[in-house]
Protein chains: 2
Amino acid sequence: MGRWPGGTQERLQKAAIDLFTERGYERTTVAEIATRAGLTERTFYNHFADKREVLFPEQDSFIAKVREAVGAAPAEQSPLDAVNAAFIAGSDWFDQRREAAQRRRHILDAHTDLREREWAKLAALGEAITAALRTRGIPDPAATLTAAASVAAYRLAAARWLADPQYGTLGHHLHTTFEDLHRTARSW
Amino acid sequence: MGRWPGGTQERLQKAAIDLFTERGYERTTVAEIATRAGLTERTFYNHFADKREVLFPEQDSFIAKVREAVGAAPAEQSPLDAVNAAFIAGSDWFDQRREAAQRRRHILDAHTDLREREWAKLAALGEAITAALRTRGIPDPAATLTAAASVAAYRLAAARWLADPQYGTLGHHLHTTFEDLHRTARSW
DNA sequence: ACAGTGATTGCAGAACCTGTAATCACTGTG
DNA sequence: CACAGTGATTACAGGTTCTGCAATCACTGT
């Protein structure tokens, strides 16, 4: 496997993020990204389905991890707690990449196209959690609604994590946000 | 305002839905849609921001209506009930268009691109509800989480409505789905 | 008549994305 | 050491989406 430099995807991702922050998402062409990474436009499309996808690298594996963790949670744990625990279990990975997450968020916030893709990813996360809860024996309205609420809490926790001037961990914010969810639900 | 035939948007929408069901979304070009409507491709883009948007016609006004209704709800009503009532208030409109909604759903289900746009629209709905709840004095974690749960319930209710062999009204399914949400939340 | 308005059109072009076949660097085998 | 095999990269051609700009067109009001 030594034939080419290697780390092609990573190089493309770095080139893309750099160019997006330099001159903006829309003013950057795929050809430019590829050239900066020492590759061609066609090669970019061999690694990413489209231009947006370069900003959502490990999302699919993250979703798979969450689904697995929810499925493997102890049987006596409540559905919501199982999802919460699954999120927290994978939160270290993000804590080590806070700065990259910041840059990514700034790019995403500036472009409707990209936020659209983000919503799609969160929807996929929600559907994966729904499926995992169903295999745990949770019947259907509860599975869907619990998954949706969990994803909403996750999204809110991530936002708080990035905005926190105290640099608290994502796990901490997940904990408090799911507590907020409990409190809010009691008011319904 | 009599200069041109009129109803341009509606003709484009009808042409688009017909062609999408005939030969599929991806195998239909914008030029073909415009030609069937007796117009040109350029005119299509004068009315819709992009090819997908032709399938989401009244979404923006629906969102505006919901926001307004949530804002105008009686003060003693709980946040969740206010949103529920706002949805139900606008549900007749959908009941009169059940068949069109069916066709639309089949097209949407077959294409990731389009479902992505749908998630984006639901996200916009959620943000509008969040804003409306905030103006009602609901503080932030509760506003966001309540809005997200409401949208999830709305989505589930719409799915049940379309799948219901008994042809129950959307209002009915909204009612029962929000009851499910109450029940589920109590289990958290 | 005649200027004004607003929708539609024509045209040019950039960027996105895909299909297909060729090339290239390296690997394993006889 | 030839040599076929493998997998990533590349070249190229082309369709489609979407935009900017200027012109045209049907109708309106004076």
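No experiment lies behind these values; they were computed from the predicted model shown. (Residues numbered from 1 in each chain as written. Chains lettered and ligands numbered in written order. Predicted model: local features only at pLDDT ≥ 70, side-chain atom pairs only at ≥ 80, totals over all residues. Heavy atoms only, no water.)

Asker: Looking at this model, I keep getting lost on the protein's contact with DNA strand D. Mind explaining?
Answerer: Neighbouring DNA strand D are 21 residues, the closest being Thr 8, Thr 43 and His 47 of chain A together with Arg 42 and Lys 51 of chain B. Note that a phosphate oxygen of DNA strand D is positioned 2.6 Å from one of the side-chain N or O atoms of His 47 of chain A. With respect to DNA strand D, the side chain of Arg 42 of chain B contributes an N or O atom lying 2.7 Å from a base oxygen. No other element matches helix 3 (residues 41-47) of chain A, which puts four residues into the surface near DNA strand D. Looking at the surface near DNA strand D residue by residue, the classes come out as six nonpolar, eight polar and seven charged. (Near = heavy atom within 4 Å. Polar contact = N/O pair within 3.5 Å; in protein donor to acceptor, adjacent residues only side chain to side chain. Helix = DSSP H or I, 4+ residues; strand = E, 2+ residues; numbered from the N terminus. Nonpolar A, V, L, I, M, F, W, Y, C, P; charged D, E, K, R; others polar.)

Asker: Please explain the interface of chain B and chain A as it appears in this structure.
Answerer: Listed per partner, the contact involves 26 residues of chain B and 26 residues of chain A. Contact with chain A buries surface across chain B, with Glu 116, Leu 145 and Trp 188 of chain B losing the most and accounting together for 31% of the total. For Arg 52 of chain A, the salt bridge identified is with Glu 116 of chain B, shortest N-O distance 2.7 Å. Where chain B meets chain A, there are six residue pairs in polar contact (both at pLDDT 80 or more). If you list the elements that add at least two residues to the side of chain B that touches chain A, you get helix 8 (112-135), helix 9 (140-163) and helix 10 (170-186) of chain B. Tallying contributions element by element places helix 9 of chain B first for the side of chain B that touches chain A, with 12 residues. (Contact = heavy atoms within 4.5 Å. Buried area = accessible area lost by both parts, 1.4 Å probe. Salt bridge = Lys/Arg side-chain N within 4 Å of Asp/Glu carboxyl O.)

Asker: Sorry, what's going on with helix 10 (residues 170-186) of chain A here?
Answerer: Counting along an α-helix, one turn takes 3.6 residues, and residues three or four places apart therefore face a common direction. Compared with the 24 Å implied by 1.5 Å per residue over 17 residues, the 24 Å span of helix 10 of chain A between its first and last C-alpha is a close match. Among the residues making up helix 10 of chain A, those that are buried are Leu 170, Gly 171, His 173, Leu 174, Thr 177, Phe 178, Asp 180, Leu 181, Thr 184 and Ala 185 of chain A. Along its buried surface, helix 10 of chain A packs onto helix 5 (79-89), helix 6 (91-95) and helix 9 (140-163) of chain A together with helix 9 and helix 10 of chain B. (Expected span 1.5 Å × (residues − 1). Buried < 20%, exposed > 50% of the residue type's maximum accessible area, 1.4 Å probe, protein only.)

Asker: Quick question: what am I supposed to make of the domain arrangement of chain A here?
Answerer: Frequently, the measure chosen for interface size is the accessible area removed from exposure when the parts meet. Residues and elements named next belong to chain A. As assigned here, chain A comprises domain 1 (8-53) and domain 2 (56-186). Here the C-alpha centroids of domain 1 and domain 2 sit 27 Å apart. Tallying the contact residues gives nine residues for domain 1 and 10 residues for domain 2. Buried area between domain 1 and domain 2, both sides added, is near 1100 Å², and the carbon and sulfur share of it is 53%. Looking at the side of domain 1 facing domain 2, the largest losses of area belong to Tyr 25, Arg 52 and Glu 53, adding up to 58% of the total buried there. Here domain 1 and domain 2 share three salt bridges between them. We note a salt bridge from Arg 117 to Asp 50, for which the minimum N-O separation is 3.0 Å. Across the side of domain 1 that touches domain 2, the residue classes break down as three nonpolar, two polar and four charged. (Domains from an automatic or database assignment.)

Asker: What should I look at first to understand the layout of surface pockets in this one?
Answerer: Any space left empty among the atoms is revealed by the rolling of a water-sized probe across them. Of the volumes computed, that of the second largest pocket is approximately 260 Å³. Around the second largest pocket, the lining is made up of 15 residues, and of these Thr 112 and Glu 116 of chain A together with Ala 120, Lys 121 and Ala 124 of chain B lie nearest the centre. At the level of elements, helix 8 (112-135) of chain A together with helix 8 of chain B are the ones that each hand at least two residues to the lining of the second largest pocket. In terms of residue count, helix 8 of chain B provides more of the lining of the second largest pocket than any other element does, six residues in total. When its residues are assigned to classes, the lining of the second largest pocket shows five nonpolar, one polar and nine charged. (1 Å grid on protein atoms, 1.4 Å probe; cavity = no way out; pocket = protein on both sides within 12 Å on 5 of 7 lines; lining within 4 Å. Points joined across faces, edges and corners; volume = space filled by probe spheres on them.)

Asker: When you look at the nonpolar core in this model, what are you seeing that I'm missing?
Answerer: Among soluble globular proteins, nonpolar side chains are generally buried collectively. Counting 76 residues, the largest nonpolar core has Phe 87, Leu 125 and Ile 129 of chain A together with Phe 87, Leu 125 and Ile 129 of chain B as its most contacted members. Sequence-distant contacts of Phe 87 of chain B, that is, excluding residues within four places in its chain, are made with Phe 62, Val 66, Leu 125, Ile 129, Ser 150, Tyr 154, Leu 174 and Phe 178 of chain B. (Core = buried A, V, L, I, M, F, W, Y, C linked by side-chain atoms within 4.5 Å.)

Asker: Mind showing me how you'd approach the relation of the copies chain B and chain A here?
Answerer: Two copies of the chain are present, and they differ by a rotation about an axis and a shift along that axis. Taken as rigid bodies, chain B and chain A are interconverted by a rotation of 180° and an axial shift of 0.0 Å, the fit giving an RMSD of 0.0 Å. Such a turn and shift between the copies fits a two-fold axis. When you check the interface residues of chain B against chain A, 100% turn up at the interface there too, and the contact is symmetric in its surfaces. (Least-squares fit on C-alpha atoms with pLDDT ≥ 70 in both.)

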